[in-house]
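What the coordinates show
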Amino acid sequence: MSTSIAPQQLIRLAQEFDAPLYVYDAATMRRQYHKLENAFKDCNVKIHYAMKALSNINVLKIFKELGAGLDAVSIEEVKIGLMAGYAAEEILYTPNCVSFAEIEACIDLGVKLNIDNISILEQFGNKYGNTVPVCIRVNPHIMAGGHYKISTGHIDSKFGISIHQMRHVERLIKSLNIKVEGIHMHTGSDILDVGVFLNGAEILFDLALGFPDIEYIDFGSGFKVGYKPDDVTTDIDVLGEGLTERYRKFCREYGKDIQIHFEPGKFLVSESGYFLAKVNVIKQTTATVFAGLDAGFNHLMRPTLYDSYHHITNLSNPEGKQRVYTVVGYICETDTFAWDRPLPEVNEGDILCFHNAGAYGFMMASNYNSRTRPAEVLVDGDDYKLIRRRETLDDILATQVL
Ligand SMILES: *Cc1c(COP(=O)(O)O)cnc(C)c1O
């Protein structure tokens, strides 16, 4: 798997800004956005970038320029989105189990609200009636997604209002005079099967017929991106064709052209990102050769959190003889990035590059072991710039009261 930014340039960036370092490629973000937009071009599609994947304001501005809206899951994200220049009505706020006070504050900011449980729907209806239109997040109970921790649409999931509770929802909407302008689902991440996606869509189209004021149906996200060189990914074009046909039928039946929304995070930014880390130690034990990095799960959490695979290339020795390494971090806790991974011979001081580090990479970084979080650099064609400076010990201490 080659990098979209030349390996020599990645090494230069690691020298200039020091490692560990996150590097993002704006061109890849734009390519992914256009791919999605193009697949659904006949659908009146609106793409909301799920900013929790990577919320640096410089990245938000790229998607703003492309015409995207935002999907935000916290009031902090809403405020960052507004700071990046998005209009409030371009932001869909999709909270789960947040306080009603936070929801009120977001309504005051003017963003669109997605409600995902009956208790909140009732409180909302009592206070706002039909003065603020809402979107309803439905749980269609389909098992989708690559890992149980990232599947959100199944029967045991905490997300969404069950499809079996729609009668209850209808009663509340009628009695409290709630105006539903959108129906939403987000069934999980890494959905490979176009059929699974279309089944979920079918449920939403059917459901939407029962609501008179629908402006949009939001199909969430979960498109699978390639992690390994030979990985199969969601065929966006096949999905586009299938969904467009179904969309046309719906609009005819409904008597109005509605909008189709998607809210991808990973699909838009995963491949654009690289995490660069230096090798501190090569440690040969009786069973294994470890490559120990100057980084840990405090910088890249995904392998520890949900066994995610990140392709790794050795930028410093690309032509070296293939040997097998277990790549680990420096955290005092097991933090294995990759087991038994064939890599061109790794030497102390080499820079390793983790692919697919754009989504949920920096965002999940922490100060565990009292380590500082890395810097972020954005590459745009021949230009590059630092978009987040490396933290210092002072940053870590700043909130402590001495
Ligand atoms: C996380 C999330 C997304 C994005 O999921 P990806 O797998 O990154 O595309 C979209 N919508 C909602 C509501 C989310 O919580």
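All of these numbers come straight from a predicted model, not from anything done at the bench. (Residues numbered from 1 in each chain as written. Predicted model: local features only at pLDDT ≥ 70, side-chain atom pairs only at ≥ 80, totals over all residues. Heavy atoms only, no water.)

The subject of this paragraph is the overall build of the protein chain. In terms of regular secondary structure, the protein chain is built from 12 helices and 18 strands. Since a compact globule built from 402 residues should have a radius of gyration of about 21 Å, the 22 Å found for the protein chain is in line with a globular shape. In terms of its C-alpha atoms, the protein chain occupies a principal-axis envelope of roughly 70 × 55 × 45 Å. Residue burial in the protein chain is summarised as follows: out of 402 residues, 56% are buried. A separation of at least 24 residues holds for 69% of the contacts in the protein chain among residues at least 6 apart in sequence. Only carbon and sulfur atoms are counted for the fraction: they give 50% of the accessible area of the protein chain, which is about 17400 Å². Taking the average place of the 39 positive charges on the side chains of the protein chain and the average place of its 52 negative ones, the gap between the two points comes to 1 Å. (Helix = DSSP H or I, 4+ residues; strand = E, 2+ residues; numbered from the N terminus. Rg over C-alpha atoms; globule rule 2.2 N^0.38 Å. Buried < 20%, exposed > 50% of the residue type's maximum accessible area, 1.4 Å probe, protein only. Contact = heavy atoms within 4.5 Å. Areas by Shrake-Rupley, 256 points an atom, 1.4 Å probe, with all protein chains shown as cover. Lys, Arg positive; Asp, Glu negative; His and termini not counted. Charge placed at Lys NZ, Arg CZ, Asp CG, Glu CD.)

Our focus in this paragraph is the pattern of salt bridges. It is possible for side chains bearing opposite charge to pair when their charged atoms get close. For the coordinates displayed, the defined rule picks out 16 salt bridges. The residue E253 makes a salt bridge to K249 at a minimum N-O spacing of 3.9 Å. Separated by four residues within a single helix, E253 and K249 lie in helix α9 (residues 236–254), roughly one turn from each other. Judged by relative accessible area, which is 49%, E253 ranks as partly exposed. Between R373 and E391 there is a salt bridge; the shortest N-O distance is 2.8 Å. Of this pair, R373 sits in the loop between β16 (351–354) and β17 (375–380) while E391 sits in the loop between β18 (383–388) and α12 (393–397); the two residues are 18 residues apart in sequence, bridging distant segments of the chain. For E391, a relative accessible area of 15% corresponds to the buried category. Each of K46, K64 and E90 takes part in one network of salt bridges that share partners. (Salt bridge = Lys/Arg side-chain N within 4 Å of Asp/Glu carboxyl O.)

By size, the foremost hydrophobic cluster in this structure holds 106 residues, and its most contacted members are Y49, F63, F124, F219, V269 and V327. Composition of this core by domain shows at least three residues from each of domain 1 (26–268) and domain 2 (270–397). Ignoring sequence-local partners within four residues, the contact set of F63 consists of M29, Y33, Y49, A68, Y86, L268 and V269. In terms of nonpolar packing, the next biggest core, distinct from the first, is built from 17 residues, F17, V23, I351 and A375 among them. (Core = buried A, V, L, I, M, F, W, Y, C linked by side-chain atoms within 4.5 Å. Domains from an automatic or database assignment.)

Moving on: α9. The terminal C-alpha atoms of α9 lie 26 Å apart, and with 19 residues this matches the ideal 27 Å at 1.5 Å per residue to within 8%. When α9 is considered as a whole, its buried residues turn out to be I236, L239, G240, L243, T244, R246, Y247, F250, C251 and Y254. In this structure, the buried side of α9 is in contact with α2 (26–39), α8 (194–208), β9 (216–218), β10 (259–262) and α10 (266–269). One or two steps after α9, the chain reaches G255, where phi turns positive at roughly 80 degrees. (Expected span 1.5 Å × (residues − 1).)

Moving on, we come to the UniProt feature "modified residue: N6-(pyridoxal phosphate)lysine" (unreviewed entry) in the protein chain. Using the residue numbers shown here, the UniProt feature "modified residue: N6-(pyridoxal phosphate)lysine" (unreviewed entry) corresponds to K52. For K52, the position within the fold is in the loop between β2 (45–50) and α3 (57–66). Judged by relative accessible area, K52 falls into the partly exposed class, the value being 36%. Residues contacting K52, with those up to four places away along its chain left out, are V73, E77, Y360 and M363. (UniProt positions renumbered as here; feature names shortened; annotations may be inferred.)

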